[in-house]
Amino acid sequence: MQTAHELFIHGLADMLSGERQLIDALATQAENATNPQLKKAVTSHRTQTEKQAERLEQAFKSIGEAPEDTECKGIKGLIQEYQTFAEEEDPSQDILDTFTIGAAMKVETYEIDAYNELIDLARSMKHSRAVKLLQQNLKEEQATLKKLKGFQKKIKPERTGHEEIDSRRSRTRRAA
Ligand SMILES: [Fe+2]
């Protein structure tokens, strides 16, 4: 690879793959979520993600290229991390909700950085239509991250784990 154009195409293909992987992953995460507001937010984010993938296809077309998707290993890893946790840690519902919020925030942060980088490249090559499309995706990711931060403040694990330690302590005290 030698040119900014090739790097740009590579980045677009990476994000198209990432968004497409997320369309499937978000369906599972919405199913797993128990907090009704979180469930609703994940479901609507999934619909948004479908539109983001479409915008990436349009960005390819806007520079006369056919849309392609190259496996995004970053998003793949983040999705795998969530799946492994959900399947192997036997989390209670509230713990899974808390984990889902954190996992989704990691994805958003990754996407925000990736879109910023792509917008920069597109600007330097004066691909104004692509810049607009990518900016729309970036704005949505930023709004989602903000929403998730709100959830992170509200949704907490029900048990801190301290009550077990405290009750053990008081039992010891009574025994003494
Ligand atoms: Fe996205």
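The preceding data block contains the structure.
Note that the structure is predicted; figures quoted are calculated from it, not measured.

Draft legend 1. Examining the overall build of the protein more closely. Counting its regular elements, the protein contains six helices and zero strands. Radius of gyration (C-alpha) of the protein: 20 Å, far over the 16 Å computed for a compact globule of 176 residues. Principal-axis analysis of the C-alpha atoms places the extent of the protein at approximately 80 × 30 × 25 Å. Here the protein holds 176 residues, and 40% of them are scored as buried. When contacts within the protein are restricted to residue pairs at least 6 apart in sequence, long-range pairs at least 24 apart make up 78% of them. Carbon and sulfur atoms make up 51% of the accessible area of the protein, which amounts to about 10,400 Å² in all.

Draft legend 2. Looking closely at the coordination of the iron ion. The iron ion binds to the protein through E19 (OE), E19 (OE), Q52 (OE1), E111 (OE) and E141 (OE), with metal-donor distances spanning 2.0 to 2.5 Å. Sequence positions of the residues that donate to the iron ion give the spacing E-x32-Q-x58-E-x29-E. Pair noted here: E111 is in helix α4 (residues 93-124) and E141 is in helix α5 (residues 128-154), with a separation of 30 residues, a long-range link. The pair formed by E111 and E141 is uniform in burial state, with each residue classed as buried.

Draft legend 3. Up close: the layout of surface pockets. Estimated volume of the largest pocket: approximately 300 Å³. Forming the boundary of the largest pocket are 22 residues, of which H45, A104, E108, T144 and L148 lie nearest the centre. Where the lining of the largest pocket is concerned, the elements lending two or more residues are α1 (4-32), α2 (36-62), α3 (73-88), α4 and α5. Partitioned by chemical class, the residues of the lining of the largest pocket number 13 nonpolar, five polar and four charged. Considering only enclosed or pocket space, the second largest pocket measures out at about 160 Å³ in volume. Lining the second largest pocket are L7, H10, G11, D14, M15, Y110, A114, E117, L118 and L121. Taken together, the elements giving at least two residues each to the lining of the second largest pocket come down to α1 and α4. Taken together, the residues that form the lining of the second largest pocket break down as six nonpolar, two polar and two charged.

Criteria and cut-off values
Throughout, a residue's number is its position along its own chain's written sequence, starting from 1. Local features in this predicted model are restricted to residues of pLDDT 70 or higher, and side-chain atom pairs are both shown and tallied only at a pLDDT of 80 or more, whereas totals for entire chains, interfaces and linings draw on every residue. Only hydrogens and water are set aside; all other atoms, that is, all heavy atoms of the structure, feed into the side-chain values. Each helix is a run of H or I in the DSSP string that is no shorter than four residues. Each strand is a run of E no shorter than two, and both are numbered from the N terminus. Here the globule rule is a power law, 2.2 Å times the number of residues to the power 0.38, and the radius of gyration is based on C-alpha atoms. Relative accessible area decides the class of each residue, using a 1.4 Å probe on protein chains only: under 20% of the type maximum gives buried, over 50% gives exposed, and in between gives partly exposed. Note on contacts: a residue pair is in contact if any heavy atoms of the two residues lie within 4.5 Å. Accessible areas in this description were obtained via Shrake-Rupley with a 1.4 Å probe; residue shielding takes into account the shown protein chains only. Atoms of type N, O and S within 2.8 Å of a metal are treated as its donors, and for Na, K and Ca the window is 3.2 Å; water is not considered, so some sites may appear to be missing partners. Cavities and pockets were defined on a 1 Å grid built from protein atoms only: a cavity is a group of points that admits a 1.4 Å probe but offers it no way out, a pocket is an open group of points flanked by protein on both sides within 12 Å along at least five of seven lines, and a lining residue is one with an atom within 4 Å of any such point. Grid points are joined across faces, edges and corners, and a volume is the space filled by probe spheres set on the points. Note on residue categories: nonpolar means Ala, Val, Leu, Ile, Met, Phe, Trp, Tyr, Cys or Pro, charged means Asp, Glu, Lys or Arg, and polar means any other residue, Gly included.

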